[in-house]
Amino acid sequence: MWAFCSLLALAAIPATLAVKAHDFKTCSQAGFCRRGRALSARATENPAWRSPYSIDASSLALSPDQASFTAAVKSSIYPEVNFGLDIRIHDDGVVRVRMDEVGGLRKRYDEAASWALLEEPKVSHSIQWTVAKDKVHAKYGAKNNFEVVVAYEPLKVTLSRNGQEQVVLNGRGLLHMEHYRTKESVAQSKQGIAVPEEGFDTDDSQVVLEQAHPRAAWFEGETEDGWWEETFNSFTDPKPRGPESLSLDIDFPNHGHVYGIPQHATRLSLPTTTGEGAYYSDPYRLYNADVFEYLADSTMSLYGSIPFMQAHSADSTVGIFNVIGSETWIDVGRPTLKATTTHWISETGILDVFILPGPTPADVFAQYTRLTGTPALPAHWALGYHQCRWNYISSEDVRSVQQRFDEEDIPVDVFWLDIEYAEDHKYFMWDHKLFPDPVDMIKDVEAIERKMVVIVDPHLKRTNDYPVYKEATELDVLVKVKDGKTDYEGWCWSGSSAWVDFFNPKSWDWWKGLFKINGPSYGWHWTESTENTHIWNDMNEPSIFNGPEISMPRENIHYGGWEHRDLHNINGMLFHNLTSQAVMERSNPPKRPFVLTRSFYAGSQRFGAMWTGDNLGTWEHMGVGVKMVLANNIAGFSFAGSDVGGFFGNPEPEMLVRWYGVGAFAPFFRAHAHIDTKRREPYLLDEPYKSIVRDILRLRYSMLPVWYTAFREASVTGLPVLRPHYVAMPHDEGGFAIDDQYFIGSSGLLVKPVTHKSVTEETVYLPEDQVYYDYFSHQAYRGAAKGKNVTVPAELHQIPLLIRGGSIVPTRERPRRSSPLMKRDPFTLRVALDKDGNARGELYLDDGETYSHREGNFIWREFAAQKLTKKSKGVRISSRNLAAQKPAEAVDHVALAKYDDGNDFAKSIAGVRVEKLVVLGLPAKPTSVSAGDKELQWTYTPGISASEKKEGTASVLVIKDPKLSISGDWDIVVQV
Ligand SMILES: *[C@@H]1O[C@H](CO)[C@@H](O)[C@H](O)[C@H]1NC(C)=O
Ligand SMILES: *[C@@H]1O[C@H](CO)[C@@H](O)[C@H](O)[C@H]1NC(C)=O
């Protein structure tokens with residue numbers, strides 16, 4: 001949330017009241033971005049442009065096993081400066097390119113990867129480099145069809161597959177690592193040239209610079225633009241280290257779409273920012289910031305940054321992970337429909353780029369999450385509905401909100417408390433006037449295994465009666481101002497505040513100790529809490545009301561002497577990491593923590609969930625929120641959602657209902673509202689809205705098995721929970737730009753949430769010649785090989801939700817007040833036959849809150865429907881133990897290796913049954929439906945068969961209570 005908004009009346013949001021854009025820099029207001037773009041402009045204008053960077057061939061040194069090499073790099077414009085290049089190829093074909101200044105005035109920031117990466121990647125020992133006269137190159141891959149070529153002069157790195165260029169680094173010669181220099185040395189070198197004592201107009205600094213480094217101006221430009229100091233609004237950045245930016249062009253000569261680099265409020269397939277007809281004028285910016293009332297269509301940076309991009313074409317997907325912690329701007333150009341150019345401009349840091357060769361989206365996700373980790377498997381309850389507001393103002397308020405949910409039979413799992421629970425915004429410290437009995441209150445919430453989430457922000461009120469601040473000063477773990485000694489002071493919710501430097505290892509155990517309910521810890525610890533109290537980390541960009549761009553001065557100093565500018569984008573992730581560890585370690589044995597973060601970086605998926613920050617209650621924000629959540633999903637961070645209802649404003653009932661439809665199909669599902677908004681808990685709605693929202697919530701709860709199975713898959717394979725078309729159907733060009741409908745995991749569910757007013761029907765794109773069934777009405781739609789649009793009903797009470805033919809979807813359909821109450825509920829299986837009469841699906845289940853699944857305590861089932869014989873119309877529906885089969889492609893080797901059929905969890909749900917099967921698309925009425933020698937009860941409604949190329953209501957076979965176990969092997973034979 002953001003500060004000054006509470007001063008405004010937000011009854012309705014006028015269209016003109018938008019972001020305070022002037023609080024945030026455009027590229028032309030950031031010296032290094034200006035320089036980077038100017039470099040690009042000079043290169044474009046000059047047909048003879050040639051990168052001055054080259055490899056000194058004589059310096060090339062292969063590692064003993066020839067799997068990696070290092071080399072000296074020189075820039076012809078600064079021959080006295082040295083750079084070192086280090087290129088290696090990992091086991092999975094990922095190429096890592098690193099370059100740093102060697103023996104410079106000081107060390108460039110080189111620690112971004114150490115925070116982002118799960119572990120140091122393993123360098124391949126089978127791939128070997130070959131040294132030639134003008135290049136070094138390596139071939140690899142199952143068919144030796146990948147090749148990396150590193151050309152010496154100019155330096156250029158190319159990854160090809162089957163002879164076709166996939167990724168090219170420095171192909172356009174925009175590589176530039178500004179070496180460290182001092183103001184004095186630059187001035188001296190200017191003086192070094194005979195400047196006449198008089199009669200020389202030194203105003204023209206260009207001439208001087210040109211003479212100082214005769215070859216420099218064509219490349220670096222003619223002025224010291226923003227080298228030594230910069231002022232933005234009233235803030236001056238003293239830039240004590242001078243210029244040190246990094247520019248690199250990364251091109252995809254055969255890919256017409258690029259995705260990723262969240263967080264931006266824009267389309268999933270990134271529109272261009274440069275070149276003729278560019279959609280945006282500014283590059284995409286990555287600089288974590290608390291942007292008040294952000295624009296719904298913009299390249300402005302938002303709360304988090306993941307410098308990971310994918311490029312896609314019908315036969316290739318590749319990725320770029322540019323591990324940089326400082327502010328970064330990315331220009332995207334599209335010289336032809338089939339090619340994409342990008343230009344990355346960063347303020348500081350070494351060059352450290354991972355090239356992910358794909359060649360499929362699934363390969364890229366595996367490669368990326370091998371580097372930065374897969375999303376943590378959330379607690380099962382965390383996939384339920386979260387009710388939040390700034391603020392539930394007292395214990396009694398919380399109790400009465402809970403009571404109203406129960407009276408109205410509306411399911412909810414989690415109640416949230418925003419900053420007003422804390423006395424003077426001293427987090428952890430309850431305001432006992434309003435919350436006299438916090439532990440009793442939480443215990444009331446816990447009565448039906450609900451949970452509480454309480455906010456803990458990173459700014460600490462600077463007062464010695466706040467033990468958290470006092471201990472932080474004693475331990476000396478606060479962020480410093482530029483002298484490196486004095487604690488930094490800034491302004492935030494708590495007034496005059498200080499910030500813990502989580503880069504300082506001394507802060508780690510101390511921070512974790514604060515969350516211990518019974519101690520032991522360093523000193524103070526949170527006795528007024530419970531093991532079911534989870535945490536929300538907000539404002540961790542960090543947001544600082546009186547700081548430049550509402551954040552921290554870049555010259556502030558962190559542990560190790562690094563400037564804040566070096567690690568700004570990583571900062572929020574460490575807070576999230578440590579809080580998540582703290583919540584996990586609070587219980588013994590540990591339980592899965594839930595920690596929501598606003599700020600994030602590559603790797604944040606390991607620590608919990610994120611949301612899209614302070615959105616507006618407008619249709620535009622609702623729509624772009626879907627795209628933003630998709631962008632996070634494909635950038636490794638699946639556990640994402642946007643505030644249902646919009647943070648600002650008072651959505652009318654229609655909008656609120658649609659927003660629940662959006663939230664119910666997002667991985668993270670929370671309603672939240674600004675303090676100045678009217679209360680809008682679902683029970684306050686009039687009919688029919690209230691009943692529609694209740695139904696949507698029940699739909700979400702019925703699908704928890706689908707969500708949990710998808711999350712489990714994401715946690716072991718890296719495949720996202722939400723899959724846009726290009727991921728699910730990588731060859732179907734018609735889907736590459738689609739970002740308003742998507743698939744949920746591998747379930748076969750395709751949803752298109754409605755994000756427009758007055759809608760009664762929606763167009764849904766079907767990417768293939770396959771039958772798709774309406775989830776609710778069983779209407780069968782038939783797609784076409786090159787894609788086809790169909791019209792699906794979408795009245796207010798309807799959500800366009802289709803099941804792809806060939807899927808089996810497990811659900812639990814008993815309405816309950818919270819998800820833990822569903823633990824022993826029976827299952828329904830929806831068997832959606834494909835055009836050939838077959839289907840398959842999966843279900844994963846474990847205890848949902850501990851780590852005992854890692855010891856093999858879970859069930860993982862495969863359901864299949866197969867024709868009895870090739871020619872027969874009947875099908876056999878079976879349940880098999882996928883875990884026992886230990887499929888080779890499963891990544892989760894450890895847990896699978898420990899799996900045993902008789903594990904404790906499997907035993908605990910032995911009595912849980914399948915209560916219903918719904919089979920869609922049978923060609924005719926069955927003659928018998930049996931399990932073993934037992935005839936089952938069933939009903940059949942004739943309709944369209946899966947193989948018919950017709951639209952209409954599908955035939956429906958309902959098999960009632962077959963008395964089969966969800967965790968056992970069984971077969972049902974449907975004779976037709
Ligand atoms: C963050 O999390 C990882 C686990 O993914 C852990 O290994 C690492 O040490 C943590 N700590 C910090 C400070 O990032
Ligand atoms: C589907 O509709 C969209 C716009 O509504 C259009 O751009 C697209 O070309 C259509 N696709 C097909 C296969 O008709």
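Reading the values: the criteria
- Residues numbered from 1 in each chain as written.
- Chains lettered and ligands numbered in written order.
- Predicted model: local features only at pLDDT ≥ 70, side-chain atom pairs only at ≥ 80, totals over all residues.
- Heavy atoms only, no water.
- UniProt positions renumbered as here; feature names shortened; annotations may be inferred.
- Pairing = 2+ DSSP bridges.
- Helix = DSSP H or I, 4+ residues; strand = E, 2+ residues; numbered from the N terminus.
- Axes fitted to C-alpha atoms, helices over the stretch in contact; angles between N-to-C directions.
- Near = heavy atom within 4 Å.
- Areas by Shrake-Rupley, 256 points an atom, 1.4 Å probe, with all protein chains shown as cover.
- Polar contact = N/O pair within 3.5 Å; in protein donor to acceptor, adjacent residues only side chain to side chain.
- Nonpolar A, V, L, I, M, F, W, Y, C, P; charged D, E, K, R; others polar.
- Domains from an automatic or database assignment.
- Contact = heavy atoms within 4.5 Å.
- Buried area = accessible area lost by both parts, 1.4 Å probe.
- Salt bridge = Lys/Arg side-chain N within 4 Å of Asp/Glu carboxyl O.

- In the nomenclature of an unreviewed UniProt entry, the protein corresponds to Glucosidase II subunit alpha from the organism Pycnoporus cinnabarinus.
- Its UniProt record gives the protein a comment under Subcellular location (unreviewed entry), which states: "Endoplasmic reticulum".
- In UniProt, the protein has this text filed under Sequence similarities (unreviewed entry): "Belongs to the glycosyl hydrolase 31 family."

## Notes on the sheet that holds strand β24 (residues 459-461)
No. 1: Strand order in the open sheet formed by three strands is β24-β26-β25, with antiparallel pairing between adjacent strands. The open sheet has two edge strands with one neighbour each: β24 and β25 (490-492). Going from strand to strand, the sheet's axes swing by 60° on average, the running direction of each strand aside.
No. 2: Across three bridges, β24 lies against strand β26 (residues 495-499) in antiparallel orientation.

## A few points about the site of ligand 2
No. 1: The full set of residues close to ligand 2 is Tyr-765, Gly-787 and Asn-789.
No. 2: Considering ligand 2 on its own, with 360 Å² of exposed area, one finds that the protein chains cover 32% of that surface.

## Regarding the site of ligand 1
No. 1: The local shell around ligand 1 consists of Trp-115, Trp-508, Asn-577, Leu-578, Gln-581, Arg-606 and Phe-607.
No. 2: The separation between an oxygen atom of ligand 1 and a polar side-chain atom of Arg-606 is 2.9 Å.
No. 3: Bound to the protein, ligand 1 loses 61% of the 360 Å² it would expose on its own.
No. 4: The dominant element in the shell around ligand 1, judged by the number of residues it contributes, is helix α11 (residues 564-585), at three residues.
No. 5: Looking at side-chain class alone, the shell around ligand 1 contains four nonpolar, two polar and one charged residues.

## Remarks on the domain arrangement of the protein
Interface size is often expressed as the accessible area that is lost when the parts come together.
No. 1: Here the protein is described as being made up of domain 1 (31-178 + 242-372) and domain 2 (723-975).
No. 2: Computed from C-alpha atoms alone, the centre-to-centre distance between domain 1 and domain 2 is 41 Å.
No. 3: Listed as interface residues are 12 residues of domain 1 and, on the opposing side, 10 residues of domain 2.
No. 4: The junction of domain 1 with domain 2 conceals about 950 Å² of combined surface from both sides, 64% of it contributed by carbon and sulfur atoms.
No. 5: Our count for the domain 1 to domain 2 interface comes out at one salt bridge.
No. 6: Its salt-bridge partner being Glu-733, residue Lys-338 comes within 3.6 Å of it at the nearest N-O pair.
No. 7: Counting the contacts that link domain 1 with domain 2 gives five residue pairs in polar contact (both at pLDDT 80 or more).
No. 8: For the side of domain 1 that touches domain 2, the secondary structure elements donating two or more residues are β14 (257-260), β16 (308-313) and α6 (361-372).
No. 9: When residues of the side of domain 1 that touches domain 2 are assigned to their parent elements, the largest contribution, three residues, is made by β16.
No. 10: Of the residues assigned to the side of domain 1 that touches domain 2, the class counts are five nonpolar, five polar and two charged.

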